[in-house]
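The lines below spell out each chain.
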Amino acid sequence: MIRSIIIDDEESTIEEVKEIIESFKSIKVTFTASNPFKALEIIENNEIQVAFLDIDMPGMNGITLAEKISSIRPNMEIVFITAYNQYALEAFEVNAIDYILKPVRKARVEKSINKILKVINENSKEENKMVKIKTFNKFEVIINNIPIKWRTLKDKELFAYLIENINNPIHKEKIIEDLWQDIDIKNALIYLQSSIYRIRKILSSIGYNDCIKYANNCYTMNKINLDCDIWIYKKYLHISYEICESNISTYESISYLYKGDYLEEEGYIWAINTLENIKNKYLELLRRLGEYYISIENYNKAIGHLEKIIEVDPYFDSGVKLLFKLYYYKSDVHNLNKQFLKANKVAEEKYGLDLNKNLIDYYNQLKEKL
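Here's what I pulled together on the structure shown here. (Residues numbered from 1 in each chain as written. Predicted model: local features only at pLDDT ≥ 70, side-chain atom pairs only at ≥ 80, totals over all residues. Heavy atoms only, no water.)

### Here's the deal with the overall build of the protein
Condition: Under the scheme used here, helices are H or I runs from DSSP no shorter than 4 residues and strands are E runs no shorter than 2 residues, and both carry numbers assigned from the N terminus. Should any heavy atoms of two residues lie within 4.5 Å, those residues are counted as being in contact. For the area figures, the Shrake-Rupley method with a 1.4 Å probe applies, and any residue is considered shielded solely by the protein chains shown.
Within the protein, the secondary structure is distributed over 15 helices and twelve strands. By principal-axis analysis of the C-alpha atoms, the protein measures approximately 80 × 60 × 35 Å. A separation of at least 24 residues holds for 61% of the contacts in the protein among residues at least 6 apart in sequence. A total of about 19,700 Å² of accessible surface is found on the protein, and carbon and sulfur atoms cover 48% of it.

Following this line, the structure appears as structure tokens:
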């Protein structure tokens, strides 16, 4: 059954539209909202497939709301229900599937639901192809459990590049600068166009036609409904997120996506900044998970997350210090020493450097107190 939400600032309209929609067995109104900001919160935290929304609302009009919904859930269908027909062009510019004028009639809603069913069924067929993209440690595209065999390594690198820059137009000269910097511009353009052609063929073979656009000398890969670890990872790691009982399982699941540094084995120079950014967010997530479990006195869980910090980056002082402090409070000298030696070893083997002096001093201070 299709799960939907109705968003309208008039409660009477919500009830009227809900009654009509739920007269069809194929669709259920899972949520309603009269406040567009509350609606965004509901959509972000729940699996909803269709939004029926008014356009003329205080605080945020429906066109703007639809754009924000699409950024949160790109595959969610939008149906506008409004008393005004002058917004029709804008509505379809934000990829609305339908536009219904008030007063709402059952026969008109039925046509809209049939459209929605057709699109969702097509999307389900695409999902059944089991396409997965892995970017942590090494880059893999897997279709029906079989990794793609790339015609050239540059095809693979360009696809990874487009995945990182999803939805962003990139000038062809920028792509060449990042991927074919040692080749003259004429030949580089030929290589780029050939790689784009082969990638389009791969995407077309799994049902994604014309998702790489070319306009104004820029290539844009539109976000498609694939199981891509980095997209999931980025979606949840906001700067100001709070870990609590209601979302702890989600953030633990996100932490498990990290199987190594972003594109680590590939050695792509253009990915270095993203690699560092993703790694820092992961370390911060581990620290916050540690803090949460300490706050509820589940010290074993806290230790499990905090010890991973040393394996990834022993120079992430705030996380390593928290681990040392936890062993100090537990009067566990053995494991305090063990993790300090491990941090030293990782620093030397991975970075060829000593630990930061302030971390060494902190360890010594704790040891002296025990």
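### Topic: the sheet that holds strand E2 (residues 27-33)
Our working rule: The pairing criterion for strands is at least two bridges between them, as found by DSSP. A fitted line through C-alpha atoms serves as each axis, taken over the contacting stretch for helices, and the angle formed by two N-to-C directions is quoted from 0 to 180°.
Ordered in space as E2-E1-E3-E4-E5, the five strands form an open sheet in which the pairing is parallel. Every other strand in the sheet has two partners, leaving E2 and strand E5 (98-101) as the edge strands with one partner each. Strand-to-strand twist in this sheet, taken as the mean axis angle between neighbours without regard to direction, amounts to 20°. Judged from the four bridges that link them, strand E4 (residues 77-82) and E5 form a sheet pairing that is parallel. When the bridges of E5 are listed, threonine 82 appears paired with leucine 101. Taken strand by strand, helix H2 (residues 36-45) contacts strand E1 (2-7) and E2, and its axis lies near 165° from that of E1.

### A few points about the environment of glutamate 264
Quick note on the threshold: When a residue's accessible area, from a 1.4 Å probe over protein chains only, is under 20% of the maximum for its type it is buried; when over 50% it is exposed; and in between it is partly exposed.
Checked against the element boundaries, glutamate 264 lands in the loop between helix H10 (248-256) and helix H11 (272-295). You can call glutamate 264 partly exposed: its relative accessible area is 39%. For the pair glutamate 264 and valine 50, spaced 214 residues apart in sequence, the C-alpha to C-alpha distance is 38 Å. Not counting residues up to four positions away in its chain, the partners in contact with glutamate 264 are Asn137 and Leu275.

### Some remarks on the nonpolar core
For the record, the criterion: For the purposes of this section, nonpolar cores are sets of buried Ala, Val, Leu, Ile, Met, Phe, Trp, Tyr and Cys residues that join through side-chain atoms within 4.5 Å.
Among the nonpolar cores identified, the biggest contains 80 residues, and Phe159 and Leu203 are the most heavily contacted of them. For this core, the leading source of residues is H11, giving nine residues. When sequence neighbours within four positions are dropped, the list of residues in contact with phenylalanine 159 reads Ile133, Phe139, Val141, Trp150, Ile199, Leu203 and Met221.

### Let's talk about the pairing of E4
Spelled out, the test is: Handedness of a crossover is defined as follows: with both strands directed away from the viewer, a clockwise route from the first strand across the helix to the second makes it right-handed.
Most of E4 sits out of view: six of its six residues are buried. Bridge analysis of strand E3 (residues 50-53) against E4 gives four bridges, and the strand direction is parallel. Paired with phenylalanine 52 across the strands is valine 79, a residue of E4. In this fold, the crossover linking E3 to E4 by way of helix H3 (residues 62-72) has right-handed handedness.

### A short note on unusual backbone geometry
Put simply, lysine 102 and proline 103 share a cis peptide bond, and its omega is 0°. Within the chain, asparagine 144 stands out as a residue other than glycine whose phi angle is a positive 50°. What makes asparagine 144 partly exposed here is its relative accessible area of 41%. In the Ramachandran plot, asparagine 216 falls in the positive-phi region, its phi being about 55° despite a non-glycine side chain. Its place among the elements puts asparagine 216 in the loop between strand E10 (212-215) and strand E11 (218-221).

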